[in-house]
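# Breakdown of the fold
Below are the chains, spelled out letter by letter.
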Amino acid sequence: GVSNYVFEGITSGDKWGTAVGVIAFIIITGGAFGIILRTKAVEAGLFTLIKKTKGSEYLLLPIVFFFFSLGGAVFGMGEEAIPFAMVLIPIVIGMGYDAVTGILITYVSTQIGFATSWMNPFSVAIAQGVAGVPVLSGAGFRIAMWIFFTGLGIVFTLRYAKKIKENPKSSISYETDAHYRNEFNLSEQQDIEFRLGHKLVLLIVALGMAWVIYGVVKFGYFLPEIATQFVIMGVAAGIVGVIFKLDDMTVNDIASSFRKGAEDLIGAAIVVG
């Protein structure tokens, strides 16, 4: 009866898009991205970008906004942006802006990407599977929406940042930002060297995403096949992390980071059930 709804919901259907398949897809995809994030390739790339824009910091805002929005659109980046916000906000304040600017270029940008995504495995692929429509259908319209709203977000952020730069006291977070203005120190994490291993991990992610799109469009890949592609992408990134000792990564870390990534999404999996 009613008391068994959770169990019945989780075990209902099959792997082709109903509850049990969607739940497996969420857990596996979350685990794969857990491995990718464990290599610290994303952080290394981001901080290298910050160093390269030194002296032209204003350019950093739209670049970071664009990539976080892309993360939201491609693999459903959302809560993952929070640690980046914690690291980037002191840097942004030190550049003469405020904490709100830091939130705009990290968390808000991911939500724009998430909302207008054409291939987010969690919201788009699952929803289209449940609705019984082809995966990635309407992608052209969605991409146009993503470009428009990401552009709108960048323009808004730049206008806001310019206003704060000219008059820091106009910020609602002016008083709470005082600590970082006075004690501004570059985070130790900014010393992460952008090594060959990090570049290879990001290349694996880019090729993996291209492979997912190609497989869906050309061969009609659905949840089981897409999950397989993410597993291959995650394990390949993990192997690169171990070989190049990225953040002292070991073989055991591939398993534990997969578990941690899956763990972060288990709440969403239960909601599906």
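The structure displayed is predicted, hence computed values, not measured ones. (Residues numbered from 1 in each chain as written. Predicted model: local features only at pLDDT ≥ 70, side-chain atom pairs only at ≥ 80, totals over all residues. Heavy atoms only, no water.)

Moving on, we come to the overall build of the chain. Within the chain one finds 13 helices and zero strands. Along the chain, from the amino end to the carboxyl end, the secondary structure elements read α-α-α-α-α-α-α-α-α-α-α-α-α. Along the three orthogonal principal directions, the C-alpha set of the chain runs to about 60 × 40 × 40 Å. Across the 273 residues in the chain, those meeting the buried criterion constitute 45%. At a minimum sequence separation of 6, the contacts of the chain that also span at least 24 residues come to 76%. Of the roughly 13,900 Å² of accessible surface on the chain, a fraction of 67% belongs to carbon and sulfur atoms. Where the 19 positive side-chain charges of the chain centre and where its 20 negative ones centre are 7 Å apart. (Helix = DSSP H or I, 4+ residues; strand = E, 2+ residues; numbered from the N terminus. Buried < 20%, exposed > 50% of the residue type's maximum accessible area, 1.4 Å probe, protein only. Contact = heavy atoms within 4.5 Å. Areas by Shrake-Rupley, 256 points an atom, 1.4 Å probe, with all protein chains shown as cover. Lys, Arg positive; Asp, Glu negative; His and termini not counted. Charge placed at Lys NZ, Arg CZ, Asp CG, Glu CD.)

Here we come to the packing of helix H2 (residues 19-38) against helix H11 (residues 223-243). Interaxial distance between H2 and H11 falls to 8 Å at its minimum, and their mutual angle equals 20 degrees. The angle between H2 and H11 falls in the class roughly parallel. In the crossing of H2 with H11, the sense of the turn from one axis to the other is left-handed. The segment H2 lies against H11, with Gly-21, Val-22, Phe-25, Ile-28, Thr-29, Ala-32, Phe-33, Ile-35 and Ile-36 engaging Leu-223, Ile-226, Ala-227, Phe-230, Val-231, Met-233, Gly-234, Val-235, Ala-237 and Gly-238. Each residue belonging to the contact of H2 with H11 can be placed in one class, and the counts come to 15 nonpolar, four polar and no charged. (Axes fitted to C-alpha atoms, helices over the stretch in contact; angles between N-to-C directions. Parallel < 35°, antiparallel > 145°, perpendicular 65-115°, else oblique. Left-handed = near helix turned anticlockwise from the far one by under 90°. Nonpolar A, V, L, I, M, F, W, Y, C, P; charged D, E, K, R; others polar.)

A few words on the side chain of Thr-150. Tracing the chain through its elements places Thr-150 in helix H8 (residues 139-166). For Thr-150, a relative accessible area of 3% corresponds to the buried category. Separated by 2.8 Å, the side chains of Thr-150 and Ser-69 make a polar contact. A polar side-chain atom of Thr-150 sits 2.8 Å from the main-chain carbonyl oxygen of Trp-146. In this structure Thr-150 touches Phe-65, Phe-66, Ser-69 and Ile-112, once residues within four positions along its chain are discounted. (Polar contact = N/O pair within 3.5 Å; in protein donor to acceptor, adjacent residues only side chain to side chain.)

This next bit is on a nonpolar patch on the surface. On the surface, Trp-211, Tyr-214, Phe-219 and Ile-232 cluster together into a nonpolar patch covering about 430 Å² of accessible area. In terms of residue count, helix H10 (residues 196-219) provides more of the nonpolar patch than any other element does, three residues in total. Looking at the secondary structure, you find Trp-211 in helix H10. Overall, the relative accessible area of 35% leaves Trp-211 in the partly exposed class. (Patch = residues over 30% accessible without salt bridge, like charges linked within 9 Å, V, L, I, M, F, W, Y side chains within 5 Å. Salt bridge = Lys/Arg side-chain N within 4 Å of Asp/Glu carboxyl O.)

With 19 residues, helix H4 (residues 57-75) extends 27 Å between its outermost C-alpha atoms, agreeing within 8% with the 27 Å of an ideal straight helix rising 1.5 Å per residue. The complete set of buried residues in H4 reads Leu-60, Leu-61, Val-64, Phe-65, Phe-68, Ser-69, Gly-71, Gly-72, Ala-73, Val-74 and Phe-75. Where H4 terminates, the next one or two residues include Gly-76, which has phi positive at roughly 70 degrees. (Expected span 1.5 Å × (residues − 1).)

Let's shift gears to the confidence of the model for the chain. Detailed conclusions should not be drawn from predicted coordinates in areas where pLDDT is low. Scored by pLDDT, the chain comes out at a mean of 88, with 96% of its residues at no less than 70. Confidence drops under pLDDT 50 across residues 185-189; counting only partners more than four residues distant or on other chains, this segment forms three contacts. (pLDDT = per-residue confidence, 0-100.)

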